[in-house]
Amino acid sequence: MTEFEREDGTTRDELVQRVALMEAMIAEGRQYTGRNAWIFVLWGLVDLTAWAWQNYVPVFGGRWAWPICLPAGVVLTLAGKMLQKSDKGYSRSGVCSRVMGVWGMMGLAMGIYVASAILTHFSWQYSYIAGLLMMLGMAHAISAMFLRWRMQGWVAAVYWAGGVAIFVCNSWKATNAIMLIEMGVVMVLFGLYAMGREPKRSGLQGGCA
Amino acid sequence: MTDMERKDGTTRDELVQRVALMEAMIAEGRRSTARWGWVFVMWGLIYFAAMAWVIFLPFKAWAWPVCVAVGVVVSVVKGRRQRASGRSESQRTRSIGAVWQVFGVAITLYIIGAITSHHVNVPAYNATILFFVGMAHGTSARILRWGAQGLAAAIWWACGIATFFFTTQNEIIAIFLVASFFGMILFGLYAMWLERRRAAALEQHHA
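The text that follows walks through the structure, step by step, so that each part is easy to find.

Section: the overall build of chain A
Stage number 1. For chain A, the count of helices and strands is seven helices and zero strands.
Stage number 2. For chain A, the sequential pattern of α-helices and β-strands runs α-α-α-α-α-α-α.
Stage number 3. By residue count, 38% of the 209 residues in chain A fall in the buried class.
Stage number 4. For chain A, long-range pairs separated by at least 24 residues make up 78% of all intrachain contacts whose partners lie at least 6 apart in sequence.

Structure representation (structure tokens):
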């Protein structure tokens, strides 16, 4: 193996360095997810609040629950990110920027999708609600593949299963229960898991902003 | 700048190397998408073919299953052949592959779920499909920093918004045709043209 050399002239040492760099990038990417996992917790709580408001205290402007809670979630997310950015000493690797790209695009797509559906009064359709879960599942699955993170892959599978279950069950009661479990419980639990576990596991000094 | 060293001990040379590596990966990712440009063209044409079948030919119920099945078979066979041709793949290329694979799984699950439970042909269903494609294009564009693909994503999303507002059968067909033509076929042709131009330049260089 000491004289190992690839056809394109890459030496073994160079390959080892590249693999080490990629492993470091993946670890940084996971740490990035862990560092931003508060967003999952926040959005889980936002969804739970809106859901509880709409279902338990509808007399206090129940139909405004989502139109108020969703923008509030966006404002809180932006405020949190601004506070976080002021922390110095965080690098950004290729994997981090890709994971950021995935979630950025998911946020943008979902923002436009939700706003359009609410404006046109189609947000009651099962296809719309299943679509939300499938999109979330897509973002989790892509991120899981980038980070080779099995736990996040399972989360994606749970979201997709929820999306399909909404179609299969075909009832409002079941849809409400699925949304409550997926948007509230799964999101919050995964957020807490990522927040608590990844900084310890990756063992990196820096991480991504 | 020669003595520049970051707090984490990374030297300037290492940073320059990293940037060069990332730029090379982005370029390789774009080339890879360009090599797969035929897939976009093919799926755009499949949409047109299926719609034409539904409008003009008998056995309308078979239009989509047959066209999609043909598309899947051609994609898999030709894709395997292309992979077997032995081009090396960078990490970014694999990331783009991951985006489109995940998109394929998600849209298949969604469509099967909707069809089996009779939830198709409602505005939210149509919009969701358009948004899925837009999200895959958008994510790929963001990773490759590729404006043209970003434009394709914007076209799919704009058409997705339009399906919420224009809900008659004819309007939805027109919206899907616009999205397929501009966001799939034209983008695919552009990607294929880029790949051909690159191959010609490479040949000229070797000559």
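And the narrative resumes.
Concerning the overall build of chain B
Stage number 1. When you go through chain B residue by residue, the secondary structure sums to seven helices and zero strands.
Stage number 2. For chain B, the succession of helices and strands along the chain, N to C, is α-α-α-α-α-α-α.
Stage number 3. Once the C-alpha set of chain B is aligned to its principal axes, its extents read approximately 70 × 45 × 25 Å.
Stage number 4. Counting only residues that meet the buried cut, chain B has 33% of its 207 residues in that class.
Stage number 5. If you take every contact in chain B between residues at least 6 apart in sequence, the share linking residues at least 24 apart comes to 72%.

Thoughts on the packing of helix α5 (residues 126-147) of chain A against helix α5 (residues 123-144) of chain B
Stage number 1. One way to put it is that α5(A) packs onto α5(B) with a least axis distance of 9 Å and a crossing angle of 15°. In this view, α5(A) runs roughly parallel relative to α5(B), as classed from their interaxial angle. Here α5(A) runs over α5(B); the crossing is right-handed. Residues A:Ser127, A:Tyr128, A:Gly131, A:Met135, A:Met138 and A:Ile142 of α5(A) form the contact with α5(B), whose own contacting residues are B:Ala124, B:Tyr125, B:Thr128, B:Met135 and B:Thr139.
Stage number 2. Its residues placed into classes, the contact of α5(A) with α5(B) shows seven nonpolar, four polar and no charged.

What about the interface of chain A and chain B?
Stage number 1. Listed per partner, the contact involves 40 residues of chain A and 35 residues of chain B.
Stage number 2. For the side of chain A that touches chain B, the elements supplying multiple residues, two or more each, are α4 (94-119), α5 and α6 (150-169) of chain A.

Observations concerning the environment of B:Ile172
All names here are of chain B.
Stage number 1. Note on placement: Ile172 falls in helix α7 (residues 169-206).
Stage number 2. For Ile172, a count of 18 C-beta atoms within 10 Å puts it in the partly exposed group.
Stage number 3. The sequence separation of Ile172 and Met22 amounts to 150 residues, and the corresponding C-alpha distance is 41 Å.
Stage number 4. Those residues in contact with Ile172 that sit more than four places away from it in its chain are Asn126, Thr163 and Thr167.

Observations regarding the packing of helix α2 (residues 37-56) of chain B against α7(B)
All names here are of chain B.
Stage number 1. It is at 7 Å that the axes of α2 and α7 come closest, and there the two elements cross at 155°. The angle between the axes of α2 and α7 places the two elements in the roughly antiparallel class. Classified by chirality, the crossing of α7 by α2 is left-handed.
Stage number 2. When its residues are assigned to classes, the contact of α2 with α7 shows 18 nonpolar, four polar and one charged.

Scoring rules and cut-offs
Residues numbered from 1 in each chain as written. Chains lettered and ligands numbered in written order. Predicted model: local features only at pLDDT ≥ 70, side-chain atom pairs only at ≥ 80, totals over all residues. Helix = DSSP H or I, 4+ residues; strand = E, 2+ residues; numbered from the N terminus. Buried ≥ 20, exposed ≤ 12 C-beta atoms within 10 Å, placed from the backbone. Contact = placed C-beta atoms within 7 Å. Axes fitted to C-alpha atoms, helices over the stretch in contact; angles between N-to-C directions. Parallel < 35°, antiparallel > 145°, perpendicular 65-115°, else oblique. Left-handed = near helix turned anticlockwise from the far one by under 90°. Nonpolar A, V, L, I, M, F, W, Y, C, P; charged D, E, K, R; others polar.

Geometric descriptors of this kind do not, in isolation, establish any biological role.
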